[in-house]
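Report on the structure
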Amino acid sequence: VSKKKKKNSELFTLTYGALVTQLCKDYENDEEVNKQLDKMGYNIGVRLIEDFLARSSVGRCHDFRETADVIAKVAFKMYLGITPSVTNWSPAGDEFSLILESNPLVDFVELPDNHSNLVYSSLLCGVLRGALEMVQMAVDVRFAQDTLRGDSVTEIRMKFIKRIEENLPAGDE
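For the structure given in this document, a descriptive report is provided here. No experiment lies behind these values; they were computed from the predicted model shown.

Observations regarding the environment of Val70
Considering the arrangement of structural elements, one finds Val70 in helix H3 (residues 64–80). Val70 gets classed as buried once you look at its relative accessible area, which sits at 15%. As for Val70 and Val58, which are separated by twelve residues in sequence, their C-alpha atoms are 8.1 Å apart. Residues in contact with Val70, not counting those within four places in the same chain, are Phe52, Val58, Cys61 and Ala75.

Topic: the nonpolar core
Core analysis: the largest hydrophobic core is formed by 36 residues, its most contacted members being Phe76, Leu98, Tyr120, Leu128, Ile156 and Met158. Excluding residues within four positions of it along the chain, Ile156 makes contact with Phe76, Phe96, Ser97, Leu98, Leu100, Leu124, Leu128, Val141, Arg142 and Phe143. Residues Ile49, Phe52, Cys61 and Ala131 belong to the second largest nonpolar core, which totals six residues.

With respect to the packing of helix H2 (residues 30–56) against helix H4 (residues 122–134)
Contact geometry for H2 and H4: axes closest at 6 Å, N-to-C directions at 40 degrees. In this view, H2 runs oblique relative to H4, as classed from their interaxial angle. With respect to the hand of their crossing, H2 and H4 are arranged in right-handed fashion. Seen from H2, the contacting residues are Asn34, Leu37, Asp38, Met40, Gly41, Tyr42, Ile44, Gly45, Val46, Leu48 and Ile49; seen from H4, they are Ser122, Leu123, Cys125, Gly126, Val127, Arg129, Gly130, Ala131, Glu133 and Met134. A class-by-class count of the residues in the contact of H2 with H4 yields twelve nonpolar, six polar and three charged.

What to know about the packing of H2 against H3
Running from N to C, H2 and H3 point in directions that differ by 100 degrees, and their axes come no closer than 11 Å. One way to sum up the angle between H2 and H3 is to call them roughly perpendicular. Residues Leu48, Asp51, Phe52, Arg55 and Ser56 of H2 form the contact with H3, whose participating residues are Val70, Val74, Ala75, Met78 and Tyr79. Across the contact of H2 with H3, the residue classes tally to seven nonpolar, one polar and two charged.

Examining the sheet that holds strand E3 (residues 137–145)
The strand order across the open sheet built from four strands is E1-E2-E4-E3, with neighbouring strands paired in antiparallel fashion. Of all the strands in the sheet, the pair left with one neighbour each is strand E1 (85–87) and E3. Along the sheet, successive strands turn relative to each other by an average axial angle of 25 degrees, direction set aside. Note: E3 against strand E4 (residues 154–163), eight bridges, orientation antiparallel. Of the residues in E4, the one forming a bridge with Ala138 is Lys162. Along the sheet, H3 makes contact with E1, strand E2 (95–100), E3 and E4, crossing E2 at roughly 15 degrees. The strands touched by H4 are E2, E3 and E4; relative to E3, the strand with the most contacts, the crossing angle is about 165 degrees.

Cut-off values and rules
Residues numbered from 1 in each chain as written. Predicted model: local features only at pLDDT ≥ 70, side-chain atom pairs only at ≥ 80, totals over all residues. Heavy atoms only, no water. Helix = DSSP H or I, 4+ residues; strand = E, 2+ residues; numbered from the N terminus. Buried < 20%, exposed > 50% of the residue type's maximum accessible area, 1.4 Å probe, protein only. Contact = heavy atoms within 4.5 Å. Core = buried A, V, L, I, M, F, W, Y, C linked by side-chain atoms within 4.5 Å. Axes fitted to C-alpha atoms, helices over the stretch in contact; angles between N-to-C directions. Parallel < 35°, antiparallel > 145°, perpendicular 65-115°, else oblique. Left-handed = near helix turned anticlockwise from the far one by under 90°. Nonpolar A, V, L, I, M, F, W, Y, C, P; charged D, E, K, R; others polar. Pairing = 2+ DSSP bridges.

Structure follows, in structure tokens:
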């Protein structure tokens, strides 16, 4: 990794930490902070998908498995420099886990005892939800495990809810 990339990554990590710290000061409880982080992430995802599609030259995914692979091997690599593993598929094939060996958002972070319900990286859930919604996929995204809470890995659980039908105005078909 180049020194410049490492510096950019550290700057991003520290800036994100400052954002979370400010939200913790502005809101009464961790659940509200989690909601705000998710909402911010969603708004980022809605915009980021265009950049992703332009820079990655990835075509339309044919199924949820292909979507999972693109998220792990292309999107996470492109924006966070990591490649999570895709695992724990549900029998129906509508739910899977992304296992992050390392989460660059939590470098230099220790959760204080009085923030035991804070899902520090919930911004990522919002980003994934927002981006996928823009390509007509409704998904539920949540953290199942988090190294910041003492778990051995960080696990993001994703569940396909439905395909969103495009509602084109009459005459625009």
